[in-house]
Amino acid sequence: MQVRKAVFPVAGLGTRFLPATKAMPKEMLPVVDKPLIQYAVEEALSAGIREIIFVTGRSKQAIEDHFDHFCELEQTLMARSKNALLSEISQLVPESGTFIYTRQNEPLGLGHAIWCARHIVGNEPFAVLLADDLIKAKKPVLSQMIECYNDLRTSIVCVEEVDPDRTASYGILDADPPENRLTKIRGLVEKPKPEDAPSNLAIIGRYILTPEIFAILERKETGAGGEIQITDAMGKLIDSQAIYGYRYEGTRFDCGTKVGFQMANLSYALDRPELRERLVPYMREMLNLPS
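The notes below deal with the structure included here. Everything numeric in this text was worked out from a predicted model, so none of it was measured. (Residues numbered from 1 in each chain as written. Predicted model: local features only at pLDDT ≥ 70, side-chain atom pairs only at ≥ 80, totals over all residues. Heavy atoms only, no water.)

Let us now look at the layout of surface pockets. Computed from the structure, the largest pocket encloses a volume of approximately 1,300 Å³. Around the largest pocket, the lining comprises 46 residues; the ones closest to its centre are Lys26, Leu110, Leu130, Asp132 and Lys191. Those elements giving two or more residues to the lining of the largest pocket turn out to be helix H5 (110-115), strand S11 (201-209), helix H9 (230-237) and strand S13 (251-254). Among the elements that take part in the lining of the largest pocket, S11 stands out by supplying four residues, more than any other. Each residue belonging to the lining of the largest pocket can be placed in one class, and the counts come to 17 nonpolar, 14 polar and 15 charged. In this structure, the second largest pocket occupies an estimated 220 Å³ of space. Tyr39, Glu42, Glu43, Ile135 and Tyr268 are, among the 13 residues lining the second largest pocket, the residues nearest its centre. Taken together, the elements giving at least two residues each to the lining of the second largest pocket come down to helix H1 (36-46) and strand S7 (133-136). Sorting elements by how many residues they give to the lining of the second largest pocket places H1 first, with five residues. When the residues that make up the lining of the second largest pocket are grouped by side-chain class, the tally is eight nonpolar, one polar and four charged. (1 Å grid on protein atoms, 1.4 Å probe; cavity = no way out; pocket = protein on both sides within 12 Å on 5 of 7 lines; lining within 4 Å. Points joined across faces, edges and corners; volume = space filled by probe spheres on them. Helix = DSSP H or I, 4+ residues; strand = E, 2+ residues; numbered from the N terminus. Nonpolar A, V, L, I, M, F, W, Y, C, P; charged D, E, K, R; others polar.)

Among the nonpolar cores identified, the biggest contains 45 residues, and Phe8, Ile37, Phe54 and Leu142 are the most heavily contacted of them. If we ignore the near neighbours within four places in the chain, the residues touching Ile37 are Phe8, Val10, Glu27, Met28, Phe54, Phe67 and Ala131. Counting residues in each nonpolar core, the second largest holds 32 residues, with Val7, Ala113, Ile185 and Tyr207 among its members. (Core = buried A, V, L, I, M, F, W, Y, C linked by side-chain atoms within 4.5 Å. Buried < 20%, exposed > 50% of the residue type's maximum accessible area, 1.4 Å probe, protein only. Contact = heavy atoms within 4.5 Å.)

As far as function goes, none of this settles anything; it's purely spatial.
This is how it looks when you write it as structure tokens:
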């Protein structure tokens, strides 16, 4: 069966970006002029995903509004002949039934958020995308992963090497040596201390999972931080099916951190000639570099 559905866990509070996220979802923070969640949704749609499932929480109405019509704005743009902008925002509105929303009523972890989508996903493979991980790539990362899934027909997670001192921020793999960007996973540990980590190969925010994961998440077993961790559930899934780590092609920006978010803004801004023309001289001036 093809991967047709993608789950977007967007119920988090975004405390790292307070006070900006006090009244605005962190997923709506803009990189240049497009919110993080839009980059992730566009990646999914370009990979052939047909159903976008948002697992939301309190104060996330802005996400629903972003992917809906805003009649007054559209009429204003039309009256002012701003056709390019009108076309751009019109493309944000999907065909009815493409976007589906469900609630995570308690902040019980990523595994719990994914479990909340079980009835919508049903008995088929699905993708999970975390908008915090913005990945610039010639070929969208989810498209890369779906190609691998079509060959392997088993669960796949996106991985990269991280600084060994930062393993406590990630799910870490115990895995075979890589072959053609794929590595077979022997075990997973959620947020281990550097001295306890089996490697520095970390899971980042792209997953393709088989529906068998829901039966494990249904047990609601807690792990690191007292939360229901998807990493722990995948560690149990290995007992019944192979899981692979995929080393993606592209550049990742960890927009869950202030530094990563600013780096993403700078990188995407420099891709635009009209912005680059003014940014580069300014950066040279700020850094006291010769022109």
